Amino acid sequence: EELAGIEVPERAEYIRVIVAELNRIASHLVFIGSLAIDLGASTGMLYTFRDREEILDLFNLVCGARMTFHYIRVGGVNRDVQPEFIEKTYKFLEHVPVFMEEYKKILLGNEIFMSRLKGISKMSQETALSHNMTGPNIRATGIPYDIRKVDGYSVYPRFDFNVVTGKNGDNWDRFNVRYNEIFESAKIVRQALDGLPEGPFMAKVPKVLRPPKGEVFSRTEGTRGELGFYIVSDGSTKPYRVHIRRPSFVNMQGLNDMCRGYLIGDSVAAFSAIDPLMGEVDC
């Protein structure tokens, strides 16, 4: 879109924000559940996957797929949102504080869960920056780095939300940052639904797209950190070169420092607290 100078319609930008933030909530729910079961609390995964189903049902409603979706397209989105999707999304937002309170009772007050995370795998801001870590992992050290605020891409500057940070850069902060980001994402989704403008959901894009010669690096705040695409165009229908900055691959560089000086069993918590998507690491 940047190379070809395609202007995305305003309605499409709002819809993109809605589905992106719903996906962020779904991802953080998987993180909470995975971390819980990695530390022996299998109930946490049952609860979080139960609530994640509501989001997957919303995705299925809007684009016909629960996980293998290809909804955001060059120039906008594949199809417009239906009134049923909007209604059910509002209902889901009402449910968010309810299940978050359940997680709080199950996990945040669990003595074993807290002892496995608090003060474990501490990382300083300098160390995290030296590894180029981004997303919740860098924010857990106290650095308020969020590309939605730094770059202000799409229509994010129109929404009121906080950048959640930690203080100690330990596993407990990494957990709490993601836990509290769910509330902020829900806040963004509600604002986007309230202000959803009328208009087209797709720009007029030629069937055969030939961006002019040039290069671009475009980045967004993915659920695990900075997701960047470096694209070089030679003027043809296919990119001359593409490199993807995968946040999980970069964030994993910090695992060595997170495990030094701790017990072998703590490496399980450290690995899980990074929240890596292994498909990003091994591609």
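Just above, that's the structure.
The structure contained in this document is the topic of the report that follows. (Residues numbered from 1 in each chain as written. Predicted model: local features only at pLDDT ≥ 70, side-chain atom pairs only at ≥ 80, totals over all residues. Heavy atoms only, no water.)

**Considering the packing of helix α1 (residues 10-38) against helix α2 (residues 42-63)**
- Where α1 meets α2, the axes come as close as 7 Å, and the angle between the chain directions of the two elements is 165°. In terms of axis orientation, α1 runs roughly antiparallel to α2. By crossing handedness, the relation of α1 to α2 is classed as left-handed. Packed against α1, whose contacting residues are Val19, Leu22, Asn23, Ile25, Ala26, Leu29, Val30, Ile32, Gly33, Ser34, Ala36 and Ile37, the element α2 presents Ser42, Gly44, Met45, Thr48, Phe49, Asp51, Arg52, Ile55, Leu58 and Phe59 at the interface.
- By residue class, the composition of the contact of α1 with α2 is 14 nonpolar, 6 polar and 2 charged. (Axes fitted to C-alpha atoms, helices over the stretch in contact; angles between N-to-C directions. Helix = DSSP H or I, 4+ residues; strand = E, 2+ residues; numbered from the N terminus. Parallel < 35°, antiparallel > 145°, perpendicular 65-115°, else oblique. Left-handed = near helix turned anticlockwise from the far one by under 90°. Contact = heavy atoms within 4.5 Å. Nonpolar A, V, L, I, M, F, W, Y, C, P; charged D, E, K, R; others polar.)

**With respect to the packing of aromatic side chains**
- Taken as a whole, this structure holds 11 aromatic pairs when the rule is applied.
- A centroid spacing of 5.3 Å and a plane angle of 75° characterise the contact between phenylalanine 113 and phenylalanine 175, whose relative ring orientation is edge-to-face. On the criterion of sequence distance, the pair formed by phenylalanine 113 in helix α4 (residues 111-117) and phenylalanine 175 in helix α8 (residues 171-194) is long-range, its members being 62 residues apart.
- When the ring of tyrosine 179 is compared with that of phenylalanine 183, the centres are 5.9 Å apart and the planes differ by 70°; the resulting orientation is edge-to-face. (Phe/Tyr/Trp six-rings, centres within 6.5 Å; stacked < 30°, edge-to-face > 60°.)

**A closer look at the nonpolar core**
- Of all hydrophobic cores here, the largest spans 53 residues; its most connected members are Leu22, Phe92, Phe159 and Phe175.
- Those elements that provide at least two residues to this core are α1, α2, α3 (83-108), α4 and α8.
- The element best represented in this core is α1, accounting for 13 residues.
- Once residues within four sequence positions are removed from consideration, phenylalanine 175 is found in contact with Phe31, Ile32, Leu35, Leu108, Phe113 and Leu117.
- By size, the runner-up hydrophobic cluster in this structure holds 11 residues, among which are Met123, Leu255, Ile274 and Val281. (Core = buried A, V, L, I, M, F, W, Y, C linked by side-chain atoms within 4.5 Å. Buried < 20%, exposed > 50% of the residue type's maximum accessible area, 1.4 Å probe, protein only.)

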